[in-house]
Amino acid sequence: MRNDIVKIANMLKDNRFDESIMSDILVHYRDSPPVIHIRLQKGCKILRSTINNEPGLFDNVPRLSYPPSDKARTDRASLQGKPMFYGSIFTSAAQESNAYPKLVSAMETTDILRKYDEEGKVLLTISLWEPKRELSLMAFPFCKALKKPCKEIVGFQNAWDMELSKRYSVYATRFSEYIGDKISKKKYSCLYEITAHTIQYLLYNSVEAEQLDGVVFPSVWCDGQGMNICLKKEVVDECIDFQGAQVQLLDKIKGEATMFPVADSQINSEGMLEWTLNRDFLKLLGSDGIQKLYREGLLKII
């Protein structure tokens, strides 16, 4: 009897990730990956948030896409040194609120929204992207680990329970459900090493690797109310188009967060980003506030 789950549980218990053990586990699922296959339609909206850590607004589109190799770190679905494109997609609930997808995307990027008592201001650039073709994604069954799963996640789980899980062995089904549970957890111990190695192996080494463009998973920080995707770098280069971006000022006071539109992007004749300040934001700042932003170098690229 295989004890894949026990081995992974021991790694988490000891906070000691063993890549060789993980590789020996994953090879069992190479020929029949126990996942849910999902299609993301051509032209669907994908949001990505990037924190403005440096003075000035971003002047090129690649800076808003996946990070360079030397900046790529191990995360929920990606490994250090291997860039992947993280973004948030519009669920049925998100379609009803313009701000909701932006908040989901922002929560995946900045810590200030994750802690109720934390206060402060953060400048974010939220970019919009669209695929030029249908995307083939994989997912795991993860509904049972979430407090507020959106309709799409509930649908994935129902399909898994009623039909999809029966296509795989008992070992594979249990493994997929276990990984799905872990992907739906906040980071602890060596969790990201386990989930990232699993996802990367299936995306790049399984028999379905050439057909898979990425993975979809729930927004952990929103208890499943939103959904995120992580796409292969080469898929982004091939078929994900930049549609525009907006700089937002996130202001959080006593548990209440407000997002103010600061500036909207345009692409000039040289393919570089230029920005136009939002008039309502200018009125809100007043002349003193505008001068302060210029002194700090925040608006130097406009």
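A look at the overall build of the chain
Then step 1. The helix and strand tally for the chain stands at nine helices and ten strands.
Then step 2. With 302 residues in all, the chain has 49% of them scored as buried.
Then step 3. Considering only residue pairs separated by 6 or more positions, the chain has 71% of its internal contacts joining residues 24 or more positions apart.
Then step 4. Carbon together with sulfur atoms contributes 48% to the accessible area of the chain, which is approximately 15400 Å² in total.

Some details on the nonpolar core
For soluble globular proteins, the rule of thumb is that nonpolar side chains tend to be buried together.
Then step 1. Grouped together as the largest cluster of nonpolar side chains are 72 residues, with contacts concentrated most on Ile-8, Met-138, Phe-140 and Leu-231.
Then step 2. Counting residues per element, this core draws most heavily on helix α7 (residues 191-204), at seven residues.
Then step 3. In contact with Ile-8, not counting residues within four places along its chain, are Met-22, Ile-25, Phe-175, Tyr-178, Ile-179 and Ile-194.

A look at the sheet that holds strand β8 (residues 240-253)
Then step 1. Reading across from one edge, β1-β5-β6-β7-β3-β2-β4-β8-β9-β10 is the order of the ten strands in this open sheet, with mixed pairing throughout. At either end of the open sheet lies a strand with only one pairing partner, and these are β1 (36-40) and β10 (273-277). Pairs of neighbouring strands in the sheet enclose a mean axial angle of 35 degrees, with direction left out of account.
Then step 2. Across six bridges, strand β3 (residues 84-89) lies against strand β7 (residues 227-232) in antiparallel orientation. Opposite Phe-85, over in β7, you have Leu-231 as the bridge partner.

Focus: the pattern of salt bridges
Oppositely charged side chains can form a pair if their charged atoms are brought close together.
Then step 1. Under the defined criterion, the tally for this structure stands at eleven salt bridges.
Then step 2. A salt bridge links Asp-251 to Lys-121; the shortest N-O distance between them is 3.9 Å. With Asp-251 in strand β8 and Lys-121 in strand β4 (residues 120-131), this residue pair connects regions lying 130 residues apart in the sequence.
Then step 3. Between Asp-181 and Lys-185 there is a salt bridge, and its shortest N-O distance comes to 3.9 Å.
Then step 4. Among the residues examined, Asp-181 registers a relative accessible area of 23% and is labelled partly exposed.

Thresholds, definitions, all that
- Residues numbered from 1 in each chain as written.
- Predicted model: local features only at pLDDT ≥ 70, side-chain atom pairs only at ≥ 80, totals over all residues.
- Heavy atoms only, no water.
- Helix = DSSP H or I, 4+ residues; strand = E, 2+ residues; numbered from the N terminus.
- Buried < 20%, exposed > 50% of the residue type's maximum accessible area, 1.4 Å probe, protein only.
- Contact = heavy atoms within 4.5 Å.
- Areas by Shrake-Rupley, 256 points an atom, 1.4 Å probe, with all protein chains shown as cover.
- Core = buried A, V, L, I, M, F, W, Y, C linked by side-chain atoms within 4.5 Å.
- Pairing = 2+ DSSP bridges.
- Axes fitted to C-alpha atoms, helices over the stretch in contact; angles between N-to-C directions.
- Salt bridge = Lys/Arg side-chain N within 4 Å of Asp/Glu carboxyl O.

By themselves, these figures tell us nothing about what the structure is for.
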